[in-house]
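Fold and contact review
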Amino acid sequence: MPRFVATGICALLLAAVSVLRCTPSAYPAALSAHELTITARVTVRSVPRVSEFGQQMVMRVHDPVSARQVQVFWPAGNRVQRNDDSLCWQLTLRLTALHRAGNPGLPDRAGRLRARRIDGLAQVVAHADNRPCGRQPRVSSVRLRARLGAQIRAAVADSATSAVLVALATGDRQYLTPALRERFARTGTAHIMAISGMHIGLVAGCCFFIVRWIFSGRRPYVDAWALVCSVLAGSCYAGLAGGAVPTLRAVAMLSLAAVFWLRRIRLDLVRLTLLVAGAFLLADPVMITSPAFIMSFAAVAALGLAQRRGRAVHANMQPGRLRAIRAQTLLSVALMPLVATLFCEVSIISLVVNVLVLPVFAFAVIPTLLTGIVVAPLALSLAENLWRLSGLLCGMLLEGMAIVVRHVPGWVATTGLGAFEASLAAGMLLAGVLLAGWPGRALWLLAAPIALLARAQPESAGCVSAHMLNVGHGTAIVLAGERRRWLYDTGPSWRGGGSAAQTIVIPYLQRHWGGSVARAVGSHSDIDLDGGVGELRRLARAQAWVGVPGAVCVAGQRWQFEGVRFEVLWPLPAALSG
């Protein structure tokens, strides 16, 4: 009976995910529909993300009338003379409510921000009263993360390697370039950059064995004290990483597991996962729309189900390496429907790359990096040497991943997986994990192709449909025919970093038609219209360009596209020559 209860709860969670992702948001607005300008005391809650236009950060607003936590953009020309250690400010902010974009089939930016407990957007307004608070917090994880990131970047010369190490140490991923992010996505190793249960488990496990080794045979209850120390170490690392959902999940499960062990209560991984997931949803129901929440709990639940089934068929008699490969295979296949639904693409070679790369990261790069963090307050030179060693290993892995991306064809499959296909694939995977033998195993094997083969229905012959995407202040229109797609304008790039092409246009193309277009047309040069040209060109998403720098657009040019004739009316040749 417990097995069927767990299965029912998993099915209800999956159904809730599908329903919430397909229906409009019903969350109450934290702000009014109009802009609101306030002067209030604020506290910085994240490491500032610096760009040429200014800084972007999350701030806590200590004002009962407005939003509680907002994502703030501080323009570069609108800055008071400040100390980087200042975390408390008296600022004048222009607040804006979060609104759904409504692009079909895409995760909504407002939903993602709400899942991170961000209630609105804000911009710092130049005002004479903008100043630091008189009393600054003495201890802050934000200040510690910023200083630690600066020390790692100073110790490791290579910018790509130092960016990865900073992301692994502090969770600050602002230094990861788009090319580096694409490399991780293409090889299916992007999860390594998200500090999660693996990282917390490594820290807690190392602390547990070190404390038990130091006090072994000297005091009673050594294991209990070692377990308590391991929970504290994992909690400290979670705080250093910014308290993301996967780290909070790992710390919560670790703490509960420690309590149950001390109380001699037996609870398997599946029930523990369901218990923590239920507690998280009771505390914040909006969290169920967060990709980090979905992926984190789904991965642990898949491992727990595999562990339960493996115990039933005596799979624990296999060698440790075979069990690890088996677990990694299960994770890669079981999470494929969720990856296809949330990110619109699946890496075909992720299983092989993860088997080769993950052990080096888990047992060499991360332990060396974290050891440097521990010894940094006592001996900075030793910590820098450890970071350089970790950077050397990480650089070798990055180079190997780059070689794989360059020389292995068919590294990724773009999908159009919808809620129905995702639920069907997840249900088949769940049945395949719970049911031993056939036909359960057949269901497990047949679930993966659903995630890879799902595509949007093409247009009828001779028909072209226009899809106008909501990219904010700008334009991006996809013209879809029976065999090809065109793109008219690419949307804006944002002063806080990123572009609409990266977060909206390219995911929309990937979800519905495989990710590329036959021709991209730029109406004119403007940051709101061609802000994604660089991103689309770098990823080779368009086969031909018109009306962008380097591709002349002049009146009289004509094309025939899926039975529809296009003609350029402006600019005239005389206007270009003048």
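Residues numbered from 1 in each chain as written. Predicted model: local features only at pLDDT ≥ 70, side-chain atom pairs only at ≥ 80, totals over all residues. Heavy atoms only, no water.

Here we come to the overall build of the protein chain. For the protein chain, the count of helices and strands is 19 helices and 16 strands. When the 578 residues of the protein chain are sorted by exposure, 48% land in the buried category. Here the contacts in the protein chain between residues at least 6 apart in sequence split such that 67% fall between residues at least 24 apart. Carbon and sulfur atoms form 62% of the exposed surface of the protein chain, whose accessible area is close to 28900 Å². (Helix = DSSP H or I, 4+ residues; strand = E, 2+ residues; numbered from the N terminus. Buried < 20%, exposed > 50% of the residue type's maximum accessible area, 1.4 Å probe, protein only. Contact = heavy atoms within 4.5 Å. Areas by Shrake-Rupley, 256 points an atom, 1.4 Å probe, with all protein chains shown as cover.)

What follows deals with the sheet that holds strand E14 (residues 545-546). With respect to topology, five strands assemble into an open sheet ordered E10-E11-E12-E13-E14, the strand pairing being mixed. Of all strands in the sheet, those bounded by a partner on one side alone are strand E10 (465-468) and E14. Two elements, strand E12 (residues 485-488) and strand E13 (residues 519-521), share three bridges in a ladder whose sense is parallel. Each residue of the ladder has a partner; that of Trp486, found in E13, is Arg519. Packing of helix H17 (residues 500-513) onto the sheet brings it into contact with E10, strand E11 (477-480) and E12, and relative to E11 it is tilted by some 20°. (Pairing = 2+ DSSP bridges. Axes fitted to C-alpha atoms, helices over the stretch in contact; angles between N-to-C directions.)

Now for the nonpolar core. Core analysis: the largest hydrophobic core is formed by 54 residues, its most contacted members being Ile152, Val164, Leu168, Met193, Phe361 and Trp387. When contributions to this core are tallied by element, the ones reaching two or more residues are helix H3 (141-155), helix H4 (159-170), helix H5 (178-186), helix H6 (197-214), helix H7 (222-240), helix H8 (245-262), helix H13 (350-375) and helix H14 (380-407). A total of eleven residues in this core trace back to one element, the largest contributor, which is H13. Look past the residues within four positions of Ile152 in its chain and what remains in contact with it is Ser162, Leu165, Val166, Ala169, Leu369 and Trp387. Grouped together as the second largest cluster of nonpolar side chains are 24 residues, Ala476, Leu487, Ile504 and Ala542 included. (Core = buried A, V, L, I, M, F, W, Y, C linked by side-chain atoms within 4.5 Å.)

This next bit is on the state of the cysteines. The tally for this structure, following the rule as stated, stands at one disulfide. Through a disulfide, Cys88 is tied to Cys133; the S-S separation comes to 2.3 Å. Handedness of the Cys88-Cys133 disulfide follows from its S-S torsion of about -60°: it is left-handed. With Cys88 in strand E5 (residues 88-97) and Cys133 in the loop between strand E7 (131-132) and H3, this residue pair connects regions lying 45 residues apart in the sequence. In terms of burial, Cys88 and Cys133 fall into one category: buried. Not engaged in a disulfide, the cysteine Cys206 finds its nearest cysteine sulfur in Cys207; these two sulfurs lie 8.8 Å apart. Of all cysteine sulfurs in the structure, the one in Cys207 sits closest to Cys236, which takes part in no disulfide; the separation is 9.2 Å. Here Cys236 falls in the exposed class, since its relative accessible area comes to 57%. (Disulfide = S-S within 2.5 Å.)

Moving on to the pattern of salt bridges. Evaluation of the coordinates by the stated rule reveals six salt bridges. When the shortest N-O distance is used, the salt bridge between Asp119 and Arg68 registers 3.8 Å. Pair noted here: Asp119 is in the loop between helix H2 (109-115) and strand E6 (120-124) and Arg68 is in the loop between strand E3 (54-61) and strand E4 (69-75), with a separation of 51 residues, a long-range link. For Asp119, a relative accessible area of 16% gives the class buried. With relative accessibility at 53%, the residue Arg68 sits in the exposed group. The closest approach of N and O atoms between Arg212 and Asp223, which form a salt bridge, is 3.8 Å. Of the two residues, Arg212 is situated in helix H6 and Asp223 in helix H7; the sequence distance between them amounts to eleven residues. (Salt bridge = Lys/Arg side-chain N within 4 Å of Asp/Glu carboxyl O.)

A full pass over the atoms with the stated rule returns six aromatic pairs. A ring pair is formed by Trp74 and Trp89, whose centres lie 5.0 Å apart and whose planes are at 80°; its orientation type is edge-to-face. Here Trp74 is found in strand E4, whereas its partner Trp89 is found in strand E5, with 15 residues between them in sequence. In terms of burial, Trp74 and Trp89 fall into one category: buried. For the pair Phe280 and Phe297, a centre-to-centre distance of 5.6 Å together with 75° between the ring planes defines the contact as edge-to-face. Remark: Phe297 occurs in helix H10 (residues 291-312) and Phe280 occurs in helix H9 (residues 269-283); sequence separation between them is 17 residues. (Phe/Tyr/Trp six-rings, centres within 6.5 Å; stacked < 30°, edge-to-face > 60°.)

Turning to the environment of Gly234, a few remarks are in order. Examined against the element boundaries, Gly234 turns out to sit in helix H7. Setting aside anything within four residues of it in sequence, one finds Gly234 in contact with Ile200, Val203 and Val251.

Detailed reading of the predicted coordinates is not advisable wherever pLDDT is low. For the protein chain, mean pLDDT is 79; residues scoring 70 or higher make up 78% of the total. When pLDDT is averaged over each helix and strand of the protein chain, the minimum, 49, is found for helix H1 (residues 2-22) and the maximum, 93, for H4. Under a pLDDT of 50 for its full length, residues 312-317 has, in the predicted model, five contacts with residues more than four places off or in other chains. (pLDDT = per-residue confidence, 0-100.)

Time to look at H4. Taking 1.5 Å per residue as the helical rise, H4 with its twelve residues ought to reach 16 Å, and the 16 Å between its terminal C-alpha atoms agrees with that figure. Counting buried positions along H4 yields ten of twelve residues, so the element is predominantly enclosed. Within H4 the residues assigned to the buried category are Thr161, Ser162, Ala163, Val164, Leu165, Val166, Ala167, Leu168, Ala169 and Thr170. On its buried face, H4 is in contact with H3, H5, H6, H7, H13 and H14. Its side-chain oxygen at 3.4 Å from the backbone nitrogen of Ala160, Asp158 defines the N-terminal cap of H4. Two residues or fewer past H4, Gly171 is found with a positive phi of approximately 80°. (Expected span 1.5 Å × (residues − 1). Polar contact = N/O pair within 3.5 Å; in protein donor to acceptor, adjacent residues only side chain to side chain.)

A few words on unusual backbone geometry. Residue Pro571 follows Trp570 across a cis peptide bond; omega there is 10°. Looking at where Pro571 falls in the secondary structure, it is placed in the loop between strand E16 (564-567) and helix H19 (573-577). Backbone geometry at Arg264 places phi at a positive 60°, although glycine is not the residue there. Backbone geometry places Asp489, a non-glycine residue, at a positive phi of 70°. Turning to its location among the elements, Asp489 is positioned in the loop between E12 and H17.

So, about the pairing of E11. Side chains Ile477 and Leu479 project from E11 onto one buried face, and the interleaved Val478 and Ala480 project onto a second face that is buried too. Of the pairings in the sheet, the one linking E10 to E11 comprises four bridges and is antiparallel in character. From the neighbouring strand, Ala466 faces E11, where its bridge partner is Leu479. As paired strands, E11 and E12 are joined by four bridges and run antiparallel to one another. Note on E12: the bridge partner recorded for Leu479 is Trp486. Linking E11 to E12, which pair antiparallel, is a turn of four residues.

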